[in-house]
Amino acid sequence: MTIAEMLQQSLILTVLGMCVVFSFLVIMIGCMHALRACVHGLGLDKEEKKADAPVPASTVDQKAIVAAIATALHEKN
């Protein structure tokens, strides 16, 4: 086998490998779009409201915050 034949064979294998990878990526993208359509169709993409939402700091008593910080500092020392 000559150098030219080996280069030709390696070029064919390279192109074939790239085509396999490209076709897999196209199939994977198609599956992802189909999954997105199924999830959207079933309504599973809606976020439910959480009942345990944190209370904003502005509505919490400031004295309670100060007491909590003081307790944490006291426990650390």
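Right above here is the structure, for reference.
In this report, the structure presented in the accompanying data block is examined. Bear in mind that the values here come from a model prediction, so they are computed numbers and not experimental data.

**Quick notes on the overall build of the protein**
Secondary structure assignment for the protein yields two helices and zero strands. Per-residue burial over the protein gives 0% buried out of 77 residues. Entry remark: accessible area of the protein is about 7,500 Å², with carbon and sulfur atoms responsible for 71%.

**With respect to helix 1 (residues 3-42)**
Owing to its 3.6 residues per turn, the α-helix aligns residues three or four sequence positions apart on the same side. Taking 1.5 Å per residue, 40 residues should reach 58 Å; helix 1 reaches 58 Å between its end C-alpha atoms and fits that length. One or two residues past the end of helix 1 sits G43, with phi positive at roughly 80°.

**Quick word on the pattern of salt bridges**
Two side chains bearing opposite charge may form a pair once their charged atoms approach each other closely. Taken as a whole and judged by the stated rule, the model has one salt bridge. Here K46 ties to D45 by a salt bridge, and the two come within 3.8 Å at their closest N and O atoms. Taking the relative accessible area as the measure of exposure, K46 reaches 59% and is therefore exposed. In this structure D45 comes out as partly exposed when scored by relative accessible area, which is 38%.

Quick notes on the rules
- Residues numbered from 1 in each chain as written.
- Predicted model: local features only at pLDDT ≥ 70, side-chain atom pairs only at ≥ 80, totals over all residues.
- Heavy atoms only, no water.
- Helix = DSSP H or I, 4+ residues; strand = E, 2+ residues; numbered from the N terminus.
- Buried < 20%, exposed > 50% of the residue type's maximum accessible area, 1.4 Å probe, protein only.
- Areas by Shrake-Rupley, 256 points an atom, 1.4 Å probe, with all protein chains shown as cover.
- Expected span 1.5 Å × (residues − 1).
- Salt bridge = Lys/Arg side-chain N within 4 Å of Asp/Glu carboxyl O.

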